[in-house]
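# Examination of the molecular architecture
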Amino acid sequence: MQSKFFITTLLSFLFCLNSLAQNDGKAKSVTSKKTADTLVVDGNKILVTEEVKEVTTSDSLALATPEKESRLTDPLAPARAAFYSAILPGLGQAYNRKYWKIPIVYAAIGTGIYFYIDNNNAYNDYRDAYKRRLAGFTDDEYYGRISDDGLINAQEQLRENKELSLLITIGLYVLNIVDANVDAHLLQFNIDDNLSLSPHFNYNEVERSTNLGFSFNFKF
């Protein structure tokens, strides 16, 4: 008999703990508010007060509604990125936060400059040697190995290589500006899920044929 009473008491205690645990998520504050009414009886005013209890509940488990981040579009960002890259190669990529492209930009432009300088130095060496031979000297480093016609052909070839290296370097510099401008445009491109274009591939089991196409989704 005592064991049954003990079990009943224990279950009741656990039930109370469960109820208290569920109420921990909510905090209730009870405030009393008195309202006064005036009652006129035989020309006499009787003040009747009535106490009204207001119960305010605050739910601590309520989830805050996530705020959507608004994407601001700056129409001058592409022009600004291109201007920065024109002033200093790689600066536009840094403005677009594409830092991994900066070493590529400098490696490409640096390679073009290196080949231009190398071809220009070789061209000047052959040119000086040819001038000394025209002046009657035979003490140049190419004497006995390269003839006069060979010096002339070497100068023409090196001049072409030098000009080609210069054109490639200028092209890489312009490509650096274009890349910064395009990146700035793409960073402002709308990639929201409400507007999407995706390919689809369906297989028709009845007709045993395949359908390939694009689906355009627009949600508003």
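Keep in mind the model is a prediction, meaning the values are calculated, not measured.

### What about the packing of aromatic side chains?
Within the structure shown, the criterion is met by four aromatic pairs. For the ring pair Phe83 and Tyr84, a centre distance of 6.3 Å and an interplane angle of 50° mean the geometry is tilted. Here Tyr84 falls in the partly exposed class, since its relative accessible area comes to 26%. Aromatic side chains Tyr126 and Tyr142 sit 4.5 Å apart centroid to centroid with 10° between the ring planes, which places their arrangement in the stacked category. With a gap of 16 residues between them, Tyr126 in helix H4 (residues 101-134) and Tyr142 in the loop between H4 and helix H5 (148-187) connect regions that are remote in the sequence. Across this residue pair, the class does not change: Tyr126 and Tyr142 are buried. Feature note: the residues Phe83, Tyr84 and Tyr95 constitute an aromatic cluster, connected by ring pairs. Over the ring of Phe137 we find Arg132, and its NZ or CZ is 4.4 Å from the ring centre.

### With respect to the confidence of the model for the protein chain
Residue-level pLDDT values for the protein chain average 74, and 58% of them are 70 or greater. For residues 1-6, every residue scores under 50 in pLDDT, and the model assigns this stretch zero contacts once sequence neighbours within four places are set aside. Contacts for the low-pLDDT stretch residues 47-71, under 50 throughout, to residues beyond four places or in other chains number 48 contacts.

### Considerations on the nonpolar core
With seven residues, the main nonpolar core is built from Tyr123, Tyr126, Ala129, Tyr142, Leu151, Ala154 and Leu158. Going through the elements one at a time, H4 and H5 are the ones with two or more residues in this core. Setting aside anything within four residues of it in sequence, one finds Leu151 in contact with Tyr126, Ala129, Tyr130, Arg133, Tyr142 and Ile146.

Definitions and cut-offs
- Residues numbered from 1 in each chain as written.
- Predicted model: local features only at pLDDT ≥ 70, side-chain atom pairs only at ≥ 80, totals over all residues.
- Heavy atoms only, no water.
- Phe/Tyr/Trp six-rings, centres within 6.5 Å; stacked < 30°, edge-to-face > 60°.
- Buried < 20%, exposed > 50% of the residue type's maximum accessible area, 1.4 Å probe, protein only.
- Helix = DSSP H or I, 4+ residues; strand = E, 2+ residues; numbered from the N terminus.
- Lys NZ or Arg CZ within 6 Å of the ring centre and 35° of its normal.
- pLDDT = per-residue confidence, 0-100.
- Contact = heavy atoms within 4.5 Å.
- Core = buried A, V, L, I, M, F, W, Y, C linked by side-chain atoms within 4.5 Å.

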